[in-house]
Amino acid sequence: MTTVNDLKPGETGIVKRHKVKGSLGKHLREMGLVNGTPIRLERVAPLGYPVEIRIQGFSLALRKEEAESIELE
C-alpha cells in the first residue's frame, strides 16, 4: 500500500481512497480528494510534516496522519 507519505517531492499518484474520518474527511472530499484524482507532492517540511500536495489546481497542506491515510494506486 502506497500513501502520500511514500512520495518524494515532484512525484505524482492517483488517489485510491482515503481514511480520514469526520468533518475533515468530508471537507477533503468536497475539495476534490476522491478516488481517481491525480495528486502531486510539491514539498515536505524539514521535520517531514506538513506536506504540501497539488490537487485539482490548488495546493493543500496535510498533517502527517492525514498524509498517511491517503492511499494511492
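Definitions and limits used
- Residues numbered from 1 in each chain as written.
- Predicted model: local features only at pLDDT ≥ 70, side-chain atom pairs only at ≥ 80, totals over all residues.
- Heavy atoms only, no water.
- Pairing = 2+ DSSP bridges.
- Helix = DSSP H or I, 4+ residues; strand = E, 2+ residues; numbered from the N terminus.
- Core = buried A, V, L, I, M, F, W, Y, C linked by side-chain atoms within 4.5 Å.
- Buried < 20%, exposed > 50% of the residue type's maximum accessible area, 1.4 Å probe, protein only.
- Contact = heavy atoms within 4.5 Å.
- Polar contact = N/O pair within 3.5 Å; in protein donor to acceptor, adjacent residues only side chain to side chain.

**Brief notes about the sheet that holds strand β3 (residues 38-44)**
Whether parallel or antiparallel, the strands of a sheet pair through hydrogen bonds between backbone atoms.
Item 1. Ordered by their spatial adjacency, 6 strands build an open sheet running β1-β6-β2-β3-β4-β5, and the pairing between neighbours is antiparallel. Taken across any chain shown, the strands that pair with only one partner, and hence form the sheet edges, are β1 (2-3) and β5 (58-62).
Item 2. Sheet topology places strand β2 (residues 12-18) next to β3; 3 bridges connect them, and they run antiparallel. By the bridge assignment, threonine 12 is partnered in β3 with arginine 40.

**Let's talk about the nonpolar core**
Item 1. Residues Val4, Leu33, Ile39, Leu62, Ile70 and Leu72 are the most contacted members of the largest nonpolar core, which totals 16 residues.
Item 2. Among the secondary structure elements, those contributing two or more residues to this core are β3, β4 (51-55), β5 and β6 (70-72).
Item 3. Residue contributions to this core peak at 3 residues, all from β4.
Item 4. Contacts of isoleucine 70, omitting those with residues within four sequence positions, involve Thr2, Thr3, Val4, Val15, Arg17, His18, Leu33 and Leu62.

**Comments concerning the environment of asparagine 5**
Item 1. Topologically, asparagine 5 is positioned in the loop between β1 and β2.
Item 2. When neighbours within four sequence positions are excluded, asparagine 5 is seen to be in contact with Val51, Lys64, Ala67 and Glu68.
Item 3. For asparagine 5, the side chain forms a polar contact with the side chain of glutamate 68, separated by 3.4 Å.

**A word on unusual backbone geometry**
Item 1. That bond from tyrosine 49 to proline 50 is cis: its omega, 0°, falls within 30 degrees of zero.
Item 2. Here proline 50 is to be found in the loop between β3 and β4.
Item 3. With a phi angle near 50°, glutamine 56 is a residue other than glycine that sits in the positive phi range.
Item 4. Inspection of the secondary structure assignment puts glutamine 56 in the loop between β4 and β5.
Item 5. Look at glutamine 56 and you get exposed, because its relative accessible area is 53%.

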